[in-house]
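Working through the structure, step by step
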Amino acid sequence: MLSKEFRIFYIVFLLITISLYSCFAQTANKLKIKHTVVAPAPNYSKSGQSRDPLILIDGKFASHKILWLDNNTLGWENHGQITIDLELQETSSVSKIAIHTAKNEAAGVYLPLNINIFTSLNGNDYSYAGDISGYSESAVNTYKAVELQNDKININAKFIKLVINPQGRMFFTDEITITGKSKALSLFQSSNILSKSQLQNIIAKNKSAEINRRALIDKLASVTGNAINKDEIKSQLLNEKDLASQQTYQKYQSLISGLSVSKNTNQGLSLEVLSSPWGNGKSEGKSKLILTPTNVTHYVAVRIKNNQNKRISTSYVLKGINHVETSLYETQEINTRSSRNVSDVLSPITASSKLEFNPGETKVLILTLKSSQEGKATINLSLTGSNDQALVIDYQSINLGIDKNYQNTLNFNVNVWPYYTYPFFKGREQQIKQDLANHYSNIFVIPAKILEPNNITTNHNSLINYLKNYRAGDRVMLFINHRGYVKSPGNYMQASWQKKFLTWYDTVYKILEDHNISDQDIYLYPFDEIRENELPLFKSFTTWVKSVRPQSKIYLTIYYEKFLPQVQPLADVYQLLVKSNDLSLIRPKKGHEFWIYDIMDDSKNVDPYSRYRLLAWKAFQYNARGIGFWAYGDQFGSSVWDDFDGGQGDYNVVYDKGNSIIPSRRWEAFKQGVEDYFILTKYQQKFGEAAAKRLALQVLSVPTNQEKAEDIRRIMTQQLSK
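A quick note: this is a predicted structure, and the numbers were derived from the prediction, not measured.

Thresholds, definitions, all that
- Residues numbered from 1 in each chain as written.
- Predicted model: local features only at pLDDT ≥ 70, side-chain atom pairs only at ≥ 80, totals over all residues.
- Heavy atoms only, no water.
- Helix = DSSP H or I, 4+ residues; strand = E, 2+ residues; numbered from the N terminus.
- Buried < 20%, exposed > 50% of the residue type's maximum accessible area, 1.4 Å probe, protein only.
- Contact = heavy atoms within 4.5 Å.
- Lys, Arg positive; Asp, Glu negative; His and termini not counted.
- Charge placed at Lys NZ, Arg CZ, Asp CG, Glu CD.
- pLDDT = per-residue confidence, 0-100.
- Pairing = 2+ DSSP bridges.
- Axes fitted to C-alpha atoms, helices over the stretch in contact; angles between N-to-C directions.
- Phe/Tyr/Trp six-rings, centres within 6.5 Å; stacked < 30°, edge-to-face > 60°.
- Lys NZ or Arg CZ within 6 Å of the ring centre and 35° of its normal.
- Core = buried A, V, L, I, M, F, W, Y, C linked by side-chain atoms within 4.5 Å.
- Expected span 1.5 Å × (residues − 1).
- Salt bridge = Lys/Arg side-chain N within 4 Å of Asp/Glu carboxyl O.
- Polar contact = N/O pair within 3.5 Å; in protein donor to acceptor, adjacent residues only side chain to side chain.
- Parallel < 35°, antiparallel > 145°, perpendicular 65-115°, else oblique.
- Left-handed = near helix turned anticlockwise from the far one by under 90°.
- Nonpolar A, V, L, I, M, F, W, Y, C, P; charged D, E, K, R; others polar.
- 1 Å grid on protein atoms, 1.4 Å probe; cavity = no way out; pocket = protein on both sides within 12 Å on 5 of 7 lines; lining within 4 Å.
- Points joined across faces, edges and corners; volume = space filled by probe spheres on them.

1. Some remarks on the overall build of the protein
- The helix and strand inventory of the protein stands at 15 helices and 32 strands.
- Judged by the C-alpha coordinates and their principal axes, the protein covers about 125 × 85 × 45 Å.
- In the protein, which comprises 722 residues, the proportion classed as buried is 54%.
- A separation threshold of at least 6 residues defines the contact pool for the protein, and within that pool the share at least 24 residues apart is 75%.
- Across the protein, the 83 positively charged side chains and the 68 negatively charged ones have centroids separated by 1 Å.

This is how it looks when you write it as structure tokens:
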């Protein structure tokens, strides 16, 4: 007979075994989610879009064929990090997490860099459970719905924290699914409990790794080399766990550059001129003919390649420049918010600068040429140690009368909203002031923060200090931003408000007069991108202020051309967004200046030629007297060199280098466009408006052909020189 104690032990053992077996035998099912919280709140602005996080766990997928047009979808715009906290119905063994999303890069919607997964039993102590990569091989600029998932989690949890590192400007999701077993195998959590700083370090490390992964894959796609070798490197990149390490990143950079090494040549560095300085120009060999007006800048792109399997250090030699002013820049790549490598930075170099080439590496230099006098020069550009590789540039400058006086007679305006209150400007004000002048910017916008509209008790010291950045002759736009006054204090355009405004107005105009700024150059800027409901307010304000202060001039920006009939008769200057508006329909009226502008979202990713250079060609074609873009220096995050350190990409056309500034390719392309405008107007004066516009239309009809503007500019210069 078995003892009583043994029978009890046996029964307990049997019950435990049955219990464990039932746990192991459970089939993984969709787990019930009790609650969810998101931060920050969804902010995608489509009318009717839900903001309720509970739609992520309602089991209903979006029914619209485009995810972000469905009301059962949450959307975030311009956020650097998104957190979704989930609480399960009960502690469970989680095996898989899936998040349903979609992308179309052409619409500014990208898959995220990655989604970090953290789990907890009590909602306070979290452990790292892995991540989900957002990398996809699907075709770019096409719509695709995607389920991003990690099916190798296998951890006990009641609370799940998903931290999303977005890519691009927008992220959308309509459903999150958790799969596992509703009874956890144990109630123990991983012993690796994270502090808040450790958790953030993991998020930052994974983010850096994914940025580097995409940058390297983009670089790999752009180089020549054996397809099998490229596929092997790509496979390694997709599986590499240490890409946050700079050493690992540089190892792959060298591997990728090495693919371009030619095994059948003894040649070291090769040089060639490219057909366009603003993108992937075609090779034009080792010589170039340049015919250009005096006082305008010509840009030449030079591609240099290290063909050998060894590192090479060199510097440049420039001979025969005579009367020509020259500058040379090395293009540097920057990683954009859409994870593309773009050669946007123009880093100045001198004859003493060292150019370092890894095996197989290619660099592009931009040479600028400008002369204030007529003449010819045969310019030789070579590299030390490679004198047989010299490029020859036959340069001729012709005086067509394009000088400062001529430019002033055109009354052509450039507005890039250079707000000196922005962090990027601090300590660089005088350099920026000169840089703006060099790029023909003549609009000085004073922000509302400085103007303190309707504040009649201020001493206006902020305004007086801000005017140190004013350049004589600039037109002044007073951004008084009336949008806020409509709601607070709520007495907009009432007698008490008007009295206060006039007191403020007279004081501010007197300060501007004391700084030698004429009334003729001052404009009130009451609404930015005016809304439909603000049109009556704009009319009442403008009519009133011109009746009591007849010298007043009005400026505003317009998002939609449909507002023009109500705005055009009232505004002295109106600036219309080029995007989504048909400029050919605009009929400028005498006494009401028509300007155009563009908003350069993800600006480092924007084409320098079609969006920046051709803006001035559009102005000429459609009779606009001014151009501009947002913006010269609107920085998000701590650095303009990093598009992922803020909620969105920076709107900068210059970069910082210590306390100095250096230009971008986009900024110089914009400058060349303004100078193209000067040549177009000269051509119009000699050959007529119709002839000039036919040439401009040839350029605008093929905005992706970067050689076209160069060809037409050369034709105009040749014909004007006869």
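Past the structure itself, the notes keep going.
2. Some thoughts on the confidence of the model for the protein
- Confidence along the protein averages 92 in pLDDT terms, with 94% of residues attaining 70 or more.
- Every residue in residues 14-25 is under pLDDT 50, and counting partners more than four places away or in other chains gives four contacts.

3. With respect to the sheet that holds strand β15 (residues 325-335)
- Pairing within the open sheet is antiparallel, and its five strands lie in the order β10-β12-β18-β15-β16. The outermost strands of the open sheet, each flanked by one partner alone, are β10 (269-274) and β16 (341-349). Strand-to-strand twist in this sheet, taken as the mean axis angle between neighbours without regard to direction, amounts to 30°.
- In terms of strand pairing, strand β12 (residues 298-306) meets strand β18 (residues 362-370) through eight bridges, oriented antiparallel. Across the sheet, K305 pairs through a bridge with T362, a residue of β18.

4. Considering the packing of aromatic side chains
- If you walk through the whole model with that rule in mind, you get 45 aromatic pairs.
- An angle of 50° between the planes, with centres 5.6 Å apart, marks the rings of F118 and Y128 as tilted. One end of the pair, F118, is in strand β5 (residues 114-120); the other, Y128, is in strand β6 (residues 127-133), and ten residues separate them in sequence.
- Each ring, one from F424 and one from F425, has its centre 6.4 Å from the other, and the planes form 90°; the classification is edge-to-face. For the residue pair F424 and F425, the accessibility class agrees, reading buried in each case.
- A network of ring pairs unites the aromatic residues Y420, F424, F425, F444, Y466, Y470, Y612, F629, Y632, W667 and F670 as a single cluster.
- The ring of F424 has R428 sitting right over it, with the charged end atom 5.1 Å from the ring centre.

5. Digging into the environment of Y419
- Tracing the chain through its elements places Y419 in the loop between β21 (413-415) and α6 (429-438).
- For Y419, a relative accessible area of 6% translates into the label buried.
- The spatial distance from the C-alpha of Y419 to the C-alpha of D634 is 8.2 Å, given a sequence separation of 215 residues.
- Not counting residues up to four positions away in its chain, the partners in contact with Y419 are F425, V445, I446, P447, Y466, F479 and W630.

6. What about the nonpolar core?
- In this structure, F501 and F541 are the most contacted members of the largest nonpolar core, which totals 129 residues.
- Each residue touching F541, except ones within four places of it in the same chain, is listed here: I480, H482, Y492, M493, W497, F501, L524, P526 and I554.
- Counting residues in each nonpolar core, the second largest holds 31 residues, with V38, L86, I97 and I117 among its members.

7. Considering the sheet that holds strand β25 (residues 555-558)
- Spatially, five strands are ordered β21-β28-β27-β26-β25 in an open sheet, and the strand pairing comes out parallel. Here the strands that pair on one side only, and so sit at the sheet edges, are β21 and β25. For this sheet the average axis-to-axis angle between neighbouring strands, irrespective of direction, equals 20°.
- Across three bridges, strand β27 (residues 593-599) lies against strand β28 (residues 626-630) in parallel orientation. Bridging from a neighbouring strand, W595 pairs with G626 of β28.
- The strands touched by helix α13 (residues 665-687) within the sheet are β21 and β28, with β28 carrying the most contacts at an inclination of about 170°.

8. Remarks on helix α10 (residues 535-548)
- With 14 residues, α10 should cover 20 Å at 1.5 Å per step; its first-to-last C-alpha distance of 20 Å lies within 8% of that length.
- Taken residue by residue, α10 has L535, F538, F541, T542, W544 and V545 as its buried positions.
- Looking at the buried residues of α10, the elements they touch are α9 (495-514), β24 (522-525), β25 and α11 (564-567).

9. Description of the pattern of salt bridges
- Counted according to the given criterion, the structure contains 32 salt bridges.
- Here R613 and E710 are joined by a salt bridge, their closest N and O atoms 2.7 Å apart. With R613 in helix α12 (residues 608-621) and E710 in helix α15 (residues 708-720), this residue pair connects regions lying 97 residues apart in the sequence. Here the two residues R613 and E710 agree in accessibility, since each one is buried.
- When the shortest N-O distance is used, the salt bridge between R714 and D711 registers 3.2 Å. Residue R714 and its partner D711 are located together in helix α15, separated by three residues, close to a single helical turn.
- Since its relative accessible area comes to 30%, D711 is described here as partly exposed.

10. Quick notes on the side chain of N442
- Summarising the element assignment, N442 is placed in the loop between α6 and β22 (443-446).
- Separated by 3.0 Å, the side chains of N442 and N413 make a polar contact.
- When sequence neighbours within four positions are dropped, the list of residues in contact with N442 reads F412, N413, V414, R471, D474 and R475.

11. Focus on α9
- For α9, with 20 residues, the first-to-last C-alpha span of 29 Å sits near the 28 Å given by 1.5 Å per residue.
- Looking only at α9, the buried set comprises W497, Q498, F501, L502, W504, Y505, V508, Y509, I511 and L512.
- Where α9 is buried, its residues meet α7 (448-451), α8 (461-466), β23 (475-479), β24 and α10.
- N516 lies just past α9 and shows a positive phi near 60°.

12. Description of the packing of α9 against α10
- At a minimum axis separation of 12 Å, α9 and α10 run at an interaxial angle of 55°. For the element pair α9 / α10, the angle class is oblique. Handedness of the α9/α10 crossing: right-handed. The segment α9 lies against α10, with W497, Q498, F501, L502 and Y505 engaging F541, W544, V545 and V548.
- Residues of the contact of α9 with α10, tallied by class, amount to eight nonpolar, one polar and no charged.

13. Description of the pairing of strand β32 (residues 660-663)
- The sheet contact formed by strand β31 (residues 654-657) and β32 spans four bridges and is antiparallel. By the bridge assignment for β32, K657 is matched with S660.
- Turn length for the β31-β32 hairpin, with the two strands adjacent in sequence and antiparallel, is two residues, and the turn residue G658 shows positive phi of about 65°.

14. Describing the layout of surface pockets
- Volume-wise, the second largest pocket comes out at about 940 Å³.
- Among the residues forming the lining of the second largest pocket, the class breakdown is 19 nonpolar, six polar and ten charged.

15. A closer look at the environment of K404
- Structurally, K404 can be placed in helix α5 (residues 404-410).
- Residue class for K404 comes out exposed when judged on its relative accessible area of 51%.
- Taking C-alpha positions, K404 is 8.8 Å from N295, a pair spaced 109 residues apart along the chain.

16. What to know about the environment of I530
- Relative to the helices and strands, I530 resides in the loop between β24 and α10.
- Classification of I530 by relative accessible area gives buried; the value is 2%.
- Considering only alpha carbons, one finds I530 and Y560, 30 residues apart in sequence, at a separation of 8.7 Å.
- Those residues in contact with I530, other than ones at most four positions away along the chain, are R483, L535, F538, L556, T557 and F563.

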